[in-house]
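The chain contents come next:
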There are 2 protein chains.
Amino acid sequence: MTPFTRQRVRSVAALGEPRLLAAIRRWLGNTSPASPFGIGDDCAVIPPTKNHQLVTTDPVLYGRHFDATVPARAVGAKVLKRNLSDIAAMGGRPVAAVVSLALGADTAAAWLRKFYLGLAACARRHGVKIVGGDVTQAPAGFFGAFLTLHGESTGRRVVTRGGARPGDHLYVTGTLGGSRLGHHFQFIPRLAEGRWLASRPEIRAMMDVSDGLAKDLGALTPPGLAPALCAGAVPVSATARRCAARSGKPPLHHALGDGEDYELLLVVARRADREKFARDWRRRFPRLRLTHLGHFVRRDQLPADALRLADHHGFEHLR
Amino acid sequence: MTPFTRQRVRSVAALGEPRLLAAIRRWLGNTSPASPFGIGDDCAVIPPTKNHQLVTTDPVLYGRHFDATVPARAVGAKVLKRNLSDIAAMGGRPVAAVVSLALGADTAAAWLRKFYLGLAACARRHGVKIVGGDVTQAPAGFFGAFLTLHGESTGRRVVTRGGARPGDHLYVTGTLGGSRLGHHFQFIPRLAEGRWLASRPEIRAMMDVSDGLAKDLGALTPPGLAPALCAGAVPVSATARRCAARSGKPPLHHALGDGEDYELLLVVARRADREKFARDWRRRFPRLRLTHLGHFVRRDQLPADALRLADHHGFEHLR
């Protein structure tokens, strides 16, 4: 089902702005607190904390991030989950979100209701409040939801992408690839995992895998270094294998290039007790795989048999 | 000039994503700090403060908020100024913004450069850092910039829209109406004024006038009360008079209904020393008019000669 309707009576235009805004607050239910903490004043007010504030923004657009095959609830959940994954990658805790909608006057009120119910259910699950937003009319047939998520650090530190040194080890949670077969609407943001990892002194750097490992790894790799990965180590997902059966490409290609995995990629200090780290992980997260992918070397010391990431393009926008 | 080009070589698509993101950081210059405070990590990190955090979000869309007659720099400044006005209305100080762009692959790189130069100049003027964002491809001919602005309270309190009581007085800064003749790109967000007003104990409530006084006043009016305004008191702008000369409608109609004034509307406590308040205002802001519009009464005590706001519709979205 597309977000749109040809019957004006079923569209958001028929509802009109005041009734639409009231409906949005109703759909959001208890995830929409009273102003000034929530919707209804010039700004939303978030109480002060002693922690660092984290801010991230990612949208979903019809025709780009979802199509008519995706249920509206899954779209609403996804726009929040994309951003939750970014908070997870810094080891943070999500707090509050604002949502700016740009939509055609032909957007169906029933579709939008399910979008907000999906968003609210996901917000409730993760303790996020929807504290503000905006609704603006766009050309017919356009639907975009632009969410900005605020979180805070959970411990003394925020884990950034910087900091890998020669000899440091690379790990990834879960399995990779095949997101186009639906996983990218079903994924679970790794919030508990990110928080736990941020509390571990052996973690030097972290990020989430959103554009595919082959592309994203560049952001964790300091100048002068290169990741020495073993192709056999990459945790290829079952759906990546199914994609490979259809595409005729090797499963590894899907695992490295598909994107939208939303797993965590982490750098563990060279001198860390990796056995203890792996043991502690298994005790805390017995059901989620953690895989050692390889380690960082100086660029001129890359082994000849290291995985050539450049052969596996990640997702590139604006192509 | 529209944001778009028919020559692919001049478009953002020809630039490609990595070069476009590098260009955006170059255009933003010193308003784009190094990560993790700025662009380049999973989230932007804002240092902790003891004050309340303020969050607001407003977009600009081509065809809705601007057209081909508006210079790109003015569009870039406006998306920030709309949000600055919301921070001003709470008496806050702006800190950091994230910008999510949705644009057609046919967007001209030269237009986008000027958009970002305008945004950066405005950010510099107001001490705002651009700390994050996202660029997503939209259908050809679409351009939308979705900005979320973070600020903080400057004193012990945040001035909300709630709190007016019977007998309290209504004031407005500046003059109203005629924004369609260009003012809505040239306005100056009332940040210094908002901060000063938030520090004054006689201010009970405040908001900015964005959809027109006739519509916005409802948000300041508690249930059971009504604003008793005198038509002659409304500060009609010179451009509202020029609009009236063209439209054939009374100038007051433009002053109350045009919207996009971005002036501050404030509620002053009934028992306040209003002469001292006006004197202190003139000393602090000698060049900006502050006008007494009237006062709040119980709904059943509205004088027969009070201005009938319902006759002057403010701007309504999704019509």
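Residues numbered from 1 in each chain as written. Chains lettered and ligands numbered in written order. Predicted model: local features only at pLDDT ≥ 70, side-chain atom pairs only at ≥ 80, totals over all residues.

The next thing to look at is helix H6 (residues 191-198) of chain A. Within the span of H6 of chain A, buried status applies to Leu191, Glu193, Gly194, Leu197 and Ala198 of chain A. For H6 of chain A, the arc enclosing every buried residue in end-on projection is 160°, short of the 170-degree limit, so these residues lie on one face. (Buried ≥ 20, exposed ≤ 12 C-beta atoms within 10 Å, placed from the backbone. Helix = DSSP H or I, 4+ residues; strand = E, 2+ residues; numbered from the N terminus. Arc of directions from axis to C-beta.)

All right, on to the interface of chain A and chain B then. In this complex, chain A contributes 60 residues to the contact, which on the side of chain B involves 60 residues. In the sheet, strand E1 (residues 44-46) of chain A pairs with strand E2 (residues 53-61) of chain B via three bridges, with the strands oriented antiparallel. Paired with Val45 of chain A across the bridge in E2 of chain B is Leu54 of chain B. (Contact = placed C-beta atoms within 7 Å. Pairing = 2+ DSSP bridges.)

A few words on the packing of helix H3 (residues 72-89) of chain A against helix H4 (residues 109-125) of chain A. Residues and elements named next belong to chain A. Relative orientation of the contacting elements H3 and H4 amounts to 45°, with a least axis distance of 6 Å. The angle between the axes of H3 and H4 places the two elements in the oblique class. Seen along the crossing, H3 lies across H4 with a hand that is right-handed. From H3, Ala72, Arg73, Ala74, Val75, Gly76, Ala77, Val79, Leu80 and Lys81 reach across to H4, where they touch Trp111, Lys114, Phe115, Tyr116, Leu117, Gly118, Leu119, Ala121, Cys122 and Ala123. Taken together, the residues of the contact of H3 with H4 sort by class into 14 nonpolar, two polar and three charged. (Axes fitted to C-alpha atoms, helices over the stretch in contact; angles between N-to-C directions. Parallel < 35°, antiparallel > 145°, perpendicular 65-115°, else oblique. Left-handed = near helix turned anticlockwise from the far one by under 90°. Nonpolar A, V, L, I, M, F, W, Y, C, P; charged D, E, K, R; others polar.)

Take the domain arrangement of chain A next. Frequently, the measure chosen for interface size is the accessible area that the parts lose on association. Residues and elements named next belong to chain A. Examined at the domain level, chain A breaks down into domain 1 (8-153) and domain 2 (169-311). Using only C-alpha atoms to locate each centre, domain 1 and domain 2 end up separated by 29 Å. With 13 residues of domain 1 at the interface, the matching set in domain 2 holds 16 residues. Looking at which element gives the most residues to the side of domain 1 that touches domain 2, the answer is H3, with nine residues. For the side of domain 1 that touches domain 2, the per-class residue count stands at six nonpolar, three polar and four charged. (Domains from an automatic or database assignment.)

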